[in-house]
Amino acid sequence: MSGIKKHTFGGEVVYGIPIETVKTPYPLQGRTTLAVKAPHIAKQWYHKKNCGYTPEDFSFGSSINAWWRCHQGPDHIWRQRINVRVSADCACPFCTGNKVSVTNSLATLFPEIAKQWHRTQNTLKPNQVTAHSSLSIVWHCPNDKKHTWKATVGDRTSQGTNCPECAWEQRRISIRKTLSDKKNKLMRISRKKSKAPGPLDYSVQHTIH
């Protein structure tokens, strides 16, 4: 973001000009307004936090950092420069999974996996990461709290990975069962062969008859 002025406003870094600092909108002088150029974006203009200004007050190329609201979630509220939204046709960052929300968090979408979140070895909480985050997290096994491991949130939710120690133990059990089944099968074959009559047995039986 070289060349873009940044301000510290309300404890956060804001790129462009915070709408809260605008005294009077820059004269449009024939420039196309946001409302005309991108009505679908203008619909997300968050009037409650935009200091009484409207999409008709700014051009679509304005560097004013305004507030936006998407109605797909109660907390889908964010701030972004007008020109960035229009030039890149930026969608709601919560709907696209770029920001965490009550609608896309791990806690909301995968509550059973969220229960395995290690409470003391992670700085964040399950409601602070998206369900498909690439963040690597420490987990604890629901079957044995001594089993802990690291895996990304996305791997757990998209690939269904579980406790590797339990998975390996299940694999060992499966291998032992397979070997045992093979051994039992060979023993049954061996017993059948040992009971089968040989040439001498047929000769004896024929003599007796």
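For the structure, see preceding data.
What this report covers is the structure whose coordinates are included nearby. No experiment lies behind these values; they were computed from the predicted model shown. (Residues numbered from 1 in each chain as written. Predicted model: local features only at pLDDT ≥ 70, side-chain atom pairs only at ≥ 80, totals over all residues. Heavy atoms only, no water.)

**Focus on the side chain of Ser-59**
Of note, Ser-59 is situated in the loop between helix H2 (39–42) and strand S4 (64–69). Since its relative accessible area comes to 12%, Ser-59 is described here as buried. If sequence neighbours within four positions are ignored, Ser-59 has contacts with Leu-28, Arg-31, Thr-32, Thr-33, Leu-34 and Ile-82. (Helix = DSSP H or I, 4+ residues; strand = E, 2+ residues; numbered from the N terminus. Buried < 20%, exposed > 50% of the residue type's maximum accessible area, 1.4 Å probe, protein only. Contact = heavy atoms within 4.5 Å.)

**Quick word on the sheet that holds strand S3 (residues 17–18)**
Here 3 strands make up an open sheet; going across it, the order is S3-S4-S5 and the pairing mixed. Since the sheet does not close on itself, it has two edges, and those belong to S3 and strand S5 (77–81), each with one partner. As judged from the 2 bridges shared by S3 and S4, these two strands associate in the parallel manner. The residue bridging Pro-18 from the neighbouring strand is Asn-65, located in S4. (Pairing = 2+ DSSP bridges.)

**Brief notes about the nonpolar core**
Ile-19, Leu-34, Trp-45, Phe-58, Trp-68 and Ile-82 are the most contacted members of the largest nonpolar core, which has 20 residues in total. Looking at this core, the elements with two or more residues in it are H2, S4 and helix H3 (82–88). Sort the elements by how many residues they give to this core and S4 lands first, with 4 residues. Other than its neighbours up to four places away in sequence, Phe-58 contacts Ile-19, Pro-25, Leu-28, Thr-33, Leu-34, Trp-45, Tyr-53, Ile-64 and Ile-82. (Core = buried A, V, L, I, M, F, W, Y, C linked by side-chain atoms within 4.5 Å.)

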